[in-house]
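Examination of the molecular architecture
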Amino acid sequence: MTAPKPGQAVLVARGLTKVYRTGEVEVHALRSVDLDLYSGEFIVLLGPSGSGKSTLLNILGGLDVPTRGDITYRDHDLARADERELTRYRREHVGFVFQFYNLIPSLTARENVALVTEIAEQPMRPEEALQLVGLGQRMEHFPSQLSGGEQQRVAIARAVAKRPDLLLCDEPTGALDYVTGKLVLDTLLRVNVELGTTTVVITHNAAIAGMADRVIRIADGRIVRIESNPHKLKPEELSW
Amino acid sequence: MRMLERKLVRDLARMKGQALSIGLVVACGVALFVASLSTYGSLRENRRAHDARTRFADVFASLKRAPEPLARRIAGLPGVATVETRIVQDVILDMEELPEPAVGRFVSIPAGRQPLLNRLHVRSGRLPEPGRSDEVLVNESFATWHGLGPGDSLVALLNGRRQRLRVVGVALSPEYIVALRPGSFLPDDAHFGVMWMEREALAAVFDMKGSFNDVVLALSSGASEPEVLRRLDALLAPYGGRGAYGRKEQPSYRYVEDELEELRVEATVLPVIFLAVAAFLLHIVVGRLVHTERTRIGTLKALGYGSVRVGLHYLEWMGVITLAGALVGIAVGVVLGRAWAGMYSIFFHFPETLYLLRPWIPLAAVGGSLLASMLGTLGAVQRVVRLAAAEAMQPPAPPVFRPSALERLLVGRLSSPQARMVVRSVARRPLRSALSALGVAAATAIILVGAFWSDAIGYLLEVQFSQVQREDVTVAFTEPVSERAERELRHLPGVTAVEGLRAVPVLVRAGGRSRRVELLGLPARSRLHPLWGSGPRPMELPPEGLMLSERLATLLGVRAGERVRVQVLEGAWREESMEVAGVVDEYVGLSAYMEVGALNRLMAEGPTLSAALLKVDPRHEAELYARLKDTPAVGVVTLKHAMLRVFDETFGQVLLVFSGLLTAFGAVIAFGVVYNGARILLAEKERELASLRVLGFTRREISARLLGELGLQVAVGIPVGLVLGYGLAAFSITVMGPETLRIPLIISPRTYALVAGAVMVSGALSALLVRRRLDRLDLVAVLKMRE
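Okay, so let's go over this structure.

Conventions adopted
- Once a new chain begins, its residue numbering starts again from 1 and follows that chain's sequence as written.
- Here the convention is simple: chains get letters from A, ligands get numbers from 1, in the order in which they are written.
- Where local features are concerned, this predicted model is filtered to residues with pLDDT of at least 70; where side-chain atom pairs are given and counted, the filter is 80 or more; whole-chain, interface and lining totals use all residues.
- The side-chain figures draw on all heavy atoms in the structure; neither hydrogens nor water molecules are used.
- Whether two residues are in contact is decided by their heavy atoms, any of which lying within 4.5 Å being enough.
- Two parts lose some accessible area (1.4 Å probe) when they are put together, and adding that loss for both gives the buried area.
- Should a side-chain nitrogen of Lys or Arg be within 4 Å of a carboxyl oxygen of Asp or Glu, the pair is scored as a salt bridge.
- In DSSP terms, a helix is any run of H or I states spanning at least four residues, a strand is any run of E spanning at least two, and both are numbered starting from the N terminus.
- Only protein chains enter the calculation, and the probe is 1.4 Å; a residue is then buried if its accessible area is under 20% of its type maximum, exposed if over 50%, and partly exposed in between.
- Each pair of strands is called paired provided DSSP finds at least two bridges between the two strands.
- Geometry is summarised by axes, namely lines fitted to C-alpha atoms with helices restricted to the contacting stretch, and by angles between N-to-C directions that run from 0 to 180 degrees.
- To pair, rings of Phe, Tyr and Trp, with the six-membered ring standing in for Trp, must have centres within 6.5 Å; the planes then decide the type, stacked if under 30 degrees apart, edge-to-face if over 60, and tilted in the middle.
- Whether a charge lies above a ring is judged from NZ of Lys or CZ of Arg, which has to be within 6 Å of the ring centre and within 35 degrees of the ring normal.
- Every angle not falling under 35 degrees, over 145, or within 65 to 115 is termed oblique; those three ranges are roughly parallel, roughly antiparallel and roughly perpendicular.
- Put simply, a crossing is left-handed when the front helix is turned counterclockwise from the back one by less than a right angle, and right-handed when it is turned clockwise.
- Residue polarity is assigned by list, with Asp, Glu, Lys and Arg as charged and Ala, Val, Leu, Ile, Met, Phe, Trp, Tyr, Cys and Pro as nonpolar; anything else, Gly included, falls into the polar class.

Observations regarding the interface of chain B and chain A
The interface of chain B with chain A comprises 23 residues on the first partner and 25 residues on the second. Surface buried jointly by chain B and chain A totals about 2,200 Å² across both partners, of which 61% is contributed by carbon and sulfur atoms. The largest share of the area that chain B buries against chain A comes from B:Met3, B:Arg10 and B:Leu303, three residues that together contribute 27% of it. At the boundary of chain B and chain A, one finds three salt bridges. Across the pair A:Glu118 and B:Arg2 runs a salt bridge, and its minimum N-O distance is 3.7 Å.

Okay, here's the thing in structure tokens:
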């Protein structure tokens, strides 16, 4: 596996449309979205709740397939992939971080990370991943014994331990307080810089946009604006 | 250990109460399966080995008297490998501890050696010495009851002469694994003993020198048994042959066979019910687990675990519980099986009761329970596999609640919000609520099937021994006698009523079916053995035709008004076609009845009796017994109260153990169903209940909410279970119980109440355990948790 060169488009989406049917109601979560993601980028996806950003993230990450449109990751066609191919794509290329951490409560921090390193091809050691997020000292703790910020950092360690090409974070600071949130953002940036992982962060917190290479604004299922950010801030310089 | 396995272990530890209760249900089913099948296998193997070692005969026949040279002609019949002629005679024994007379069956054995067929297993002492005319071997069960051993003696009325005999040994015989006295369907070790005596000595006593009155045969392999029976009957008929029969009709063999068949049914029917319940519990629990684990399933998939891997994880969950339950069940089953086989050695007299566990039995138990659990779990696991990862991580859509039809029905009456919540919750998932109630019903049914037997047997005893058999004592004569004997009996001390009867062995045939039975000739309106039909008064025996007991009519497949062929297996072997005049509603035995005069005409004899029924004044019992012990014409005396006691001791014991087991197992199921239901409900309603607590409801009030729903399941489940149990009981009496016994489907209100009570206690116990959890509910943590 050759690492994608910086600046090369790794994920290409054209005309992505997603329609959900819940009961009698049809919800257009995405309406014909075009998007390119470049290698090593740090992207912030901004939008109010219900704008379709989570749906977009799920499709980028192979958790869901679009109703219409195309999406390719390098030479993988994700729009027409079956369950088995999507599983392989997630296993080999994608790391996820969720708002509510989604740790397995019956496994310790180290074991939660090991859950991924067991099935990855060239993973780091779980200890290494946990040190990367600054939790070298709390590896044997169960989720219930960790604070929210710590749990989120375990989730990040779990996501990056497999050395993914793509790190997708859905409101990673949404459930955290100000200080802890910044700590988590700092961790994400470090992973982006040190490992060169293409990182997408979903948020409705506009302040976070300051640390991105590009900011994508989404509303009502459409991309309204894509801005490049020539003056990247460090997480500690952000304020909200 | 892989992380998923680690998760499995910790999840199981977290849900140990639920896992335990499901495992126990599996264990119950497996234990029952292993215990009954291994007991069955052990007993069958013990008998097979015993029969082979002792050369148990294939064909049996008794006759009046034939000269010894006839044996050569019997040996010449095609298919006959070995012939052993014998003298067999039933006589009265006067045992010291017994006021009443006992019956001794004297069987001859060759001088100084073992017989060729039906060899004896000498437990202690030795065979009688040649030339000693007062030495006998006694069968073990009789010897044990009377405390007899080598060196002791007993008194027998041999051909009218009281004679003291010396016991030189105690033995077992394949013919008497269960020692059944003539005309009885139960072993009575106090009143029936088998004595083996040297042939010459016995011949001298009964004036049978150079003759025999009983013959047993071994057949060569490939011989046709029916053909041999037919030819043997033809050969013996001129000598007063009473009809030859094969092993399958040999009373002891038949008795053991019936019992084995019962075990086999028990081993197949009951475990299936248990495993079905376990599968159902797993279905609910794993289904619920999958529901609560939705987000974790989604996460695992997001992390790159495939659907199959995740599905397997939940299958393993079930596999571990089932396997653990099955292993415990096998261990318990082996212990139970050993005890069970040991218990049978009270009734079945084998030289030793070896316990055998064939490897396929535990393997089948494990395989069967895994299969059942898998079927139960598959639906839930399938849902895991189908869940798309993104969808899985979303909280499930909020359940749709609307005022239900049930609620509208009860409108106005449900003023309390708790009651309303209970009703809506049940109405929203009617299928699951129904299934839970069905689980409770299954438990109720199983307990009822265990408990009803004592009612049924109690009723049977009451009807048979106080309404049908009104006599106190039955006296059978050694030879048919003139009806004058009836008058003589009336003059014996204490006798208040006498009714003579004529009993003749016959073969009753209808279509392709046939049965050897005793045809009893009774007065047209018998007072001591009234024949009850469906009407309120006893039926009258018609001057023509015969009546059959319900059991016999069913076995032959005939109804009143149809005709059967009756062949007398005595005297001239006359055969006639007769009308079935009626079916007698009796529970015990295969019997056929005729008016005694009509029977005498059939036998071409004058007024003749072979036995008499006596009604006895208890104050003069002892005197009467003493006189009977000294009456040469009397061969067999049967006491009703002794029969009743034996019934209690044998059937009573087996039934007690059997229904105890079923009750315990049923209670385990009831507990498993209710406890699991409660835990699932608690998991589902945790937020709701915590919210209520935050709003200011008391623990008591929220308990009412939760336990109300459980109570509803139990309240619906119990009556359904009682109906179900009635059906199951009806089914079990058709497949269980010996052929000669019709078990009435009688369940007393008290039994219904007791069973319902047992289920309620079981339910209350599990509710209590859940209530304790409810009291410890962590309000803040529950509310903070993301749904």
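Description of the environment of B:Gly149
Residues and elements named next belong to chain B. Relative to the assigned elements, Gly-149 resides in the loop between α4 (140–146) and β7 (153–158). For Gly-149, a relative accessible area of 14% corresponds to the buried category. Sequence separation between Gly-149 and Ala-71 is 78 residues, and the spatial gap between their C-alpha atoms is 35 Å.

What about the sheet that holds strand β6 (residues 94–97) of chain A?
All names here are of chain A. Ordered by their spatial adjacency, six strands build an open sheet running β6-β7-β8-β3-β9-β10, and the pairing between neighbours is mixed. Only two strands of the sheet have a single partner each, and these edge strands are β6 and β10 (222–228). Taking each pair of neighbouring strands and ignoring which way they run, the sheet shows an average axis angle of 15°. Relative to strand β8 (residues 198–203), strand β7 (residues 166–170) runs parallel, the two being bridged by five bridges. Across the sheet, the residue bridging to Leu-168 is Val-200, located in β8.

What to know about the pattern of salt bridges
Any two side chains of opposite charge can pair, given that their charged atoms come close. One pass over the structure, following the stated rule, counts 52 salt bridges over all chains. Among the ionic pairs, A:Asp70 bridges to A:Arg80, the shortest N-O distance being 2.2 Å. Taken together, the positions of A:Asp70 in strand β4 (residues 68–73) and A:Arg80 in the loop between β5 (76–77) and α2 (83–93) put the pair ten residues apart, joining distant regions of the chain. A residue is classified by how much of its surface remains accessible, and A:Asp70, at 37% relative accessible area, is partly exposed. Judged by relative accessible area, A:Arg80 falls into the exposed class, the value being 56%. Between B:Arg742 and B:Glu550 there is a salt bridge; the shortest N-O distance is 2.9 Å. Pair noted here: B:Arg742 is in the loop between α20 (699–735) and α21 (749–775) and B:Glu550 is in helix α16 (residues 550–556), with a separation of 192 residues, a long-range link. With relative accessibility at 23%, the residue B:Glu550 sits in the partly exposed group.

Considering the packing of aromatic side chains
Residue and element names in this part refer to chain B. Within the structure shown, the criterion is met by twelve aromatic pairs over all chains. Relative to Tyr-253, the ring of Phe-56 has its centre 6.1 Å away and its plane inclined at 20°; by these criteria the two rings are stacked. Here the residue Phe-56 occupies a position in the loop between α2 (16–53) and β1 (59–67), and Tyr-253 occupies one in helix α7 (residues 251–292), the gap between them amounting to 197 residues. Here Tyr-176 and Trp-196 contribute two aromatic rings whose centre-to-centre distance is 6.4 Å and whose plane-to-plane angle is 70°, an arrangement assigned as edge-to-face. With a gap of 20 residues between them, Tyr-176 in the loop between β8 (161–172) and β9 (192–198) and Trp-196 in strand β9 connect regions that are remote in the sequence. Exposure class is identical for Tyr-176 and Trp-196. Each is buried. A connected cluster of aromatic rings, assembled from ring pairs, spans Phe-56, Phe-60, Tyr-245 and Tyr-253. One residue, Arg-47, lies across the ring of Tyr-253, its end atom 3.9 Å from the ring centre.

Topic: the packing of α7(B) against helix α14 (residues 430–468) of chain B
Geometry of a packed helix pair, given as the angle between the helix axes and the separation of the axes. Residue and element names in this part refer to chain B. Contact pair α7 / α14: the axes reach a minimum separation of 11 Å and the direction vectors enclose 155°. Judged by the inter-axis angle, α7 sits roughly antiparallel to α14. Remark: the crossing between α7 and α14 carries left-handed chirality. Across the interface between the two elements, Ile-273, Phe-274, Val-277, Phe-280 and Ile-284 of α7 pack against Leu-435, Ser-436, Gly-439, Ala-442 and Ile-446 of α14. Each residue belonging to the contact of α7 with α14 can be placed in one class, and the counts come to eight nonpolar, two polar and no charged.

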